[in-house]
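Now for the letters of each chain:
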Amino acid sequence: MRVLKFGGSSVANTNNLERVFNIVKDTAQSEDKVIIVLSALSKVTDSLIEAAETARAQDTKYSEILNNIFDRHLQIITDTIDVQHQSGILTRIKELVNEVEDICKGVFLVRELTPHTRDLILSYGELLSTLIFSEVLKQRGIENRWMNSGELIKTDSEYSRATIDIPRTTKNIKSLILQDSCKVFIFPGFTGSDSKGNRTTLGRGGSDYTASALGAIMNADIIEIWTDVSGMMTADPSVVKNAKIIHELSYEEALELSHFGAKVIYPKTIAPAFPEKIPILVKNTFHPEDRGTKIHDYTEHNGNAVRGLSSIKGMAVLTLEGSGMIGIPGFSKRLFETLASEKINVILITQSSSEYSICVVIEDALAEQAQQAVDNCFAMEIQTGKLKPAKIEKEQAIVAIVGDSMKSRSGISGKMFGALGRNGVNVRAIAQGSSERNISAVISSTDVKKALNVLHEEFFENTYKEINLYICGTGNVGKKLLEQLRQQADYLKEKLSLNVKVAAIANSRKMLFGNGRIDLNNWQKDLDDAEQMNMSDFIERIQNENRRNSIFVDITANADVARQYPPLLQKSISVVACNKIACSSEFSYYQQLKSLARRHNVEFLFETNVGAGLPIINTLNDLLKSGDEIIRIEAVLSGTLNFVFNEYDGTTSFADVVRKAAAEGYTEPDPRLDLSGTDVMRKILILARESGYKMELSGIENTPFLPAPTMEGSIENFYDEVEKHEAHFKELIVSATKKGNKLKYVATFENGKAQTGLKEISPDHDFYHLYGKDNIVLFYTKRYSEQPLIVKGAGAGAEVTASGVFADILRAVR
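Throughout, residues of each chain are indexed from 1 in the direction in which the sequence is written. Note on the predicted model: pLDDT of at least 70 is required for a residue's local features to be given, and 80 or more for side-chain atom pairs to be given and counted; whole-chain, interface and lining totals, by contrast, use all residues. Heavy atoms throughout the structure, all of them, feed into the side-chain values; hydrogens and water do not.

Caption draft 1: Fine view of helix α25 (residues 616-625). All of the buried residues in α25 are Ile-616, Ile-617, Thr-619, Leu-620, Asn-621 and Leu-623. Here, residues are in contact when the closest pair of their heavy atoms is within 4.5 Å. Put simply, DSSP marks the helices as runs of H or I at least four residues long and the strands as runs of E at least two long, and each gets a number from the N terminus on. Where α25 is buried, its residues contact α24 (608-611), β24 (630-636), α29 (678-690), β28 (774-781) and β29 (789-794). Gly-627 occupies a position one or two residues after α25 and carries a positive phi of about 100°. Each residue gets one of three labels from its accessible area relative to the maximum for its type: buried under 20%, exposed over 50%, partly exposed in between, using a 1.4 Å probe on protein chains only.

Structural data, given as structure tokens:
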């Protein structure tokens, strides 16, 4: 024998009902006996609730709602049953709708909707759908017996959430079915009656529960739950796009997942089948060929200890704490009895080992009621100071990982909480049963989507890790970075298993959010058409999107952008900064950013602040981490200045050489930042700070070579002044050349002091053979005391700088 249950979406309309008919026909041909359980048509139960509530509110619109219900059923009868056979079922359906209308009229008159009356009204949905389907089967040659669940299925008197009385229902049904020669039996789901004959309903998943109870009573071979999805999944697919079907689950695993919010199946459904070891198969009415999910006594786990994720929103944490609890027997008993007396279900419990505090998780809607009840129960202890008043935290959620095999694997909880922590998901409370089948964490409701995706990525996705980039700045370097990201997308997926998405792009004029991903082939046009840039709005939206593995990339030279890092780091969003301003501003701010990154377990990376794509800061950090000590640093840190003095020989004006450097993208938008030495000062300051020294920009001794008038006015004025002072620059180059030397703008750091300035470099110095836009850094350390460790290479240019930012992004990911 098989039991087949079809949900509301499966019988929502004529087309869907035809699918159900075909499945039932095929099953009836191959089985001795078949029990069919149907829900009400999709949304009909909601309409019945609306009609009942409307009647209670003294609104005659309930009659219109019931007419619409009749019209829906009339349409299905018209579409599925021949005209000559319609009159009988039409009359019966009209009678039932009239009965509901009479009941609603009574509600209207007395202005009261009792739980009993509400259940009675709701039970009609399944009566209507099953009577029509029974007639459809009969008219198409499949003999069947319609069974009145409202009389045969006995329950307790807990209206709207009744429990089936299996022994009494067995007496009513088992012999009746076994002795009947008919093969197909149709039962309305969701409904029954108590010992007084009053109609009851079974609550959420009630029709599934009906099917499971009938399967247990009849000792069926299998219970099939036909719905609109192809089985239970590793996570909610509306939240986790990469969720996968779980083809097999144990009863215990299914119970855990269903208890914690997996809506495909409900805990009550599993309860009757579990002790009888009757398999439950979840199938898709619209894709019957799909394998579905089989819930049975044993399942092969194929190496994956975690079988699924689940979550429940709308939770609140109630905390009671104080020294009055310590060592007092029966304290927890009083707490739980108080909550039970208020009919408040406790979903999760956790207590500190010191017994100083205990917290329980309950439904958000009952939080104030629970708080009042607990405060009343412990009023004396609160008054005497032994306990603090109960504290409520609302808008919480539970996320859980479930799997039978977790108990035999070490490190599962570490992976779970590590993944949550790396993404800034704060865990408010933790619970794990001794069976180790479930690990639950209480988190903020706003973090549920991120948490589920992070955990799914950690436990189920062996393919790609999703990275979300928020890029600010679309100048030369920004454009090159976006192009490199576009070019390398396939490589990153194939070689590094990274799915890197650009979630937003902004410049000084516009900001573009791509709802998860921006098309890098058309980003410039899309950005031009996007909304006006507002920095505070941009940062707030990044925080509100709350995406996993998020990285903010600053490719500007803007001080306002550099001041936005703290709230991002506090939200566990890593920061990659090409912008030097943050790390070269006041030491306290630099220190704050480093501290926030450590505290929130994210990265604050700024390799390109010093040498474009050169690994200068990483090399310095590796030296220090391995126990070395910096003695002295000598460096040429401006690719711009090195290019300028390599190009300038007096035959072409100094102004023209600077213009050439600017045209090739080697200078800042205002070349004076480079030529004044300010940029070099910032770089040596950053190296000094990374070496462990507290230093401010004002403490660096800088010897400028530009005449004072060149530093005044606009950029064009700067070029005019440089032309006027050509003799000054020519004198510098002639003086060096006569001695066989070259001019280099050098930065040094030693004994806690830093200096920058133009120097003549002799042929025997490491800086002499430094060409083009190259940079060079000499690290003299305890280990490299005689021959320094040298880092040398291109220190300017959009392409290499973008590649340095790209490298920092990949470091942040790792």
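Next comes the rest of the account.
Caption draft 2: Geometry of the pairing of strand β13 (residues 357-363). Of all seven residues that make up β13, six are buried, and the element is covered over most of its length. Two strands pair when backbone bridges link them, and strand β11 (residues 308-321) and β13 are joined in this way by seven bridges, in the antiparallel orientation. Each residue of the ladder has a partner; that of Thr-319, found in β13, is Cys-359. Direction of pairing for strand β12 (residues 348-351) relative to β13: antiparallel, over a ladder of four bridges. When the bridges of β13 are listed, Ile-349 appears paired with Val-360. The turn linking β12 back onto β13 is made up of five residues, and Glu-355 within it adopts a positive phi angle of 65°. The pairing criterion is simple: DSSP has to find at least two bridges between the two strands.

Caption draft 3: Examining the layout of surface pockets more closely. Roughly 950 Å³ of internal volume is contained in the second largest pocket. Only protein atoms enter the 1 Å grid used here, on which a cavity is any set of points holding a 1.4 Å probe that cannot leave and a pocket is any open set flanked by protein within 12 Å on both sides along at least five of seven lines; residues with an atom within 4 Å of a point are listed as lining. Along its surface, the second largest pocket is lined by 45 residues, and Ile-555, Thr-556, Ala-557, Glu-668 and Pro-669 are the ones closest to its centre. Elements with a contribution of two residues or more to the lining of the second largest pocket: α17 (476-496), α20 (559-562), α24, α26 (639-647), α28 (672-675), α29 and α32 (798-813). A per-element tally of the lining of the second largest pocket places α24 first, with four residues. Residue polarity is assigned by list, with Asp, Glu, Lys and Arg as charged and Ala, Val, Leu, Ile, Met, Phe, Trp, Tyr, Cys and Pro as nonpolar; anything else, Gly included, falls into the polar class. Here the residues of the lining of the second largest pocket are counted per class, giving 17 nonpolar, 21 polar and seven charged. Grid points are joined across faces, edges and corners, and a volume is the space filled by probe spheres set on the points.

Caption draft 4: View of the nonpolar core. Only buried Ala, Val, Leu, Ile, Met, Phe, Trp, Tyr and Cys residues count toward a nonpolar core, and they belong to the same one when joined by side-chain atoms within 4.5 Å. Ranked by size, the top nonpolar core spans 82 residues in total, and within it Phe-538, Phe-552, Tyr-565 and Phe-779 carry the most contacts. Among the elements that line this core, the one with the most residues is α29, at seven residues. Not counting residues up to four positions away in its chain, the partners in contact with Phe-538 are Ile-471, Cys-472, Ala-504, Ile-505, Ala-506, Met-511, Phe-513, Met-533 and Phe-552. Core analysis: the next-biggest nonpolar cluster, separate from the first, contains 52 residues, Ala-51, Ile-76, Tyr-124 and Leu-131 among them.

Caption draft 5: The arrangement of the side chain of Arg-689 in detail. The topology assignment puts Arg-689 in helix α29. If near-sequence neighbours (up to four positions away) are discounted, Arg-689 is found in contact with Cys-583, Ser-584, Ser-585, Glu-586, Phe-587, Tyr-590, Met-695 and Glu-696.

Caption draft 6: Quick look at unusual backbone geometry. Backbone geometry at Lys-343 places phi at a positive 55°, although glycine is not the residue there. Mapped onto the elements of the fold, Lys-343 is located in the loop between α12 (331-341) and β12. You can call Lys-343 exposed: its relative accessible area is 62%. Positive phi values are uncommon outside glycine, yet Asn-546 reaches one of about 55°. Positionally, Asn-546 belongs in the loop between α19 (535-545) and β21 (550-554). Assessed through its relative accessible area of 10%, Asn-546 is described here as buried.

Caption draft 7: Examining the confidence of the model for the protein more closely. Looking at the protein as a whole, the pLDDT averages 93, with 98% of positions reaching at least 70. What pLDDT conveys is the predictor's confidence in a given residue, as a value from 0 to 100. When pLDDT is averaged over each element of the protein, strand β23 (residues 604-605) comes out on top at 98 and helix α10 (residues 251-259) at the bottom at 86.

Caption draft 8: Seen up close, the pattern of salt bridges. The salt bridge definition used is simple: a Lys or Arg side-chain nitrogen within 4 Å of an Asp or Glu carboxyl oxygen. Within the structure shown, the criterion is met by 41 salt bridges. With a shortest N-O distance of 2.8 Å, Arg-145 and Asp-180 are connected by a salt bridge. Here Arg-145 is found in strand β3 (residues 144-146), whereas its partner Asp-180 is found in the loop between α8 (166-178) and β4 (184-188), with 35 residues between them in sequence. Arg-145 sits in the partly exposed class, given a relative accessible area of 35%. A residue is classified by how much of its surface remains accessible, and Asp-180, at 17% relative accessible area, is buried. With a shortest N-O distance of 3.0 Å, Lys-594 and Glu-690 are connected by a salt bridge. Of the two residues, Lys-594 sits in helix α23 (residues 587-599) while Glu-690 sits in helix α29, which places them 96 residues apart along the sequence. What makes Lys-594 partly exposed here is its relative accessible area of 23%. Several salt bridges converge on common partners, so that one network encompasses Glu-457, Glu-466, Lys-501 and Arg-548.

Caption draft 9: Region of the structure containing the sheet that holds strand β26 (residues 742-750). The strand order across the open sheet formed by six strands is β25-β27-β26-β24-β28-β29, and the pairing between neighbours is mixed. The open sheet has two edge strands, β25 (701-703) and β29, and neither has a second partner. Across the sheet, the mean angle from the axis of one strand to that of its neighbour is 20°, orientation sign disregarded. Sheet topology places β26 next to strand β27 (residues 753-761); nine bridges connect them, and they run antiparallel. Bridged to Tyr-745 within β27 is Leu-758. Across the sheet, α25 is in contact with β24, β28 and β29; its angle to β28 comes to roughly 10°. The axes are straight lines fitted to the C-alpha atoms, using for helices just the contacting stretch, and the angles between their N-to-C directions are given from 0 to 180°.

Caption draft 10: Just the side chain of Gln-484, in detail. Following the sequence through the fold, Gln-484 ends up in helix α17. Using a relative accessible area of 9% as the deciding quantity, one classes Gln-484 as buried. Contacts of Gln-484, omitting those with residues within four sequence positions, involve Glu-799, Ala-802, Ser-803 and Phe-806.

Caption draft 11: Spotlight on the packing of helix α5 (residues 115-122) against helix α6 (residues 124-139). At a minimum axis separation of 4 Å, α5 and α6 run at an interaxial angle of 15°. With respect to each other, α5 and α6 are oriented roughly parallel. Counting all contacts with α5, which are made through Leu-120, Ile-121 and Leu-122, the residues of α6 involved are Tyr-124, Gly-125 and Glu-126. Of the residues belonging to the contact of α5 with α6, the class tally is four nonpolar, one polar and one charged. Should an angle fall under 35 degrees it is taken as roughly parallel, and over 145 as roughly antiparallel, whereas 65 to 115 is taken as roughly perpendicular and any remaining angle as oblique.

Caption draft 12: Spotlight on the sheet that holds β13. Strands sit in the order β12-β13-β11-β14-β16-β15 across an open sheet of six strands; the sheet is antiparallel. At either end of the open sheet lies a strand with only one pairing partner, and these are β12 and β15 (429-432). Strand after strand, the sheet turns through a mean of 30° between neighbouring axes, direction not considered. Sitting on the sheet, helix α15 (residues 412-422) is in contact with β14 (391-402), β15 and β16 (438-444), with an inclination near 15° to β16. Sheet strands in contact with helix α16 (residues 448-459) are β11, β14 and β16, and its direction is about 125° off that of β11.

Caption draft 13: How the structure looks around the environment of Val-575. Mapped onto the fold, Val-575 is located in strand β22 (residues 574-577). Sequence separation of Val-575 and Ala-597 is 22 residues, and the distance between their C-alpha atoms is 8.7 Å. Each residue touching Val-575, except ones within four places of it in the same chain, is listed here: Phe-552, Tyr-565, Leu-568, Leu-569, Glu-603, Phe-604 and Leu-605.

Caption draft 14: Focus on the environment of Val-644. The residue Val-644 is located in helix α26 in this model. Owing to a relative accessible area of 1%, Val-644 belongs among the buried residues under this scheme. Sequence separation of Val-644 and Gly-205 is 439 residues, and the distance between their C-alpha atoms is 76 Å. Aside from chain neighbours lying at most four places away, what touches Val-644 is Phe-654, Val-657, Val-658 and Ala-661.

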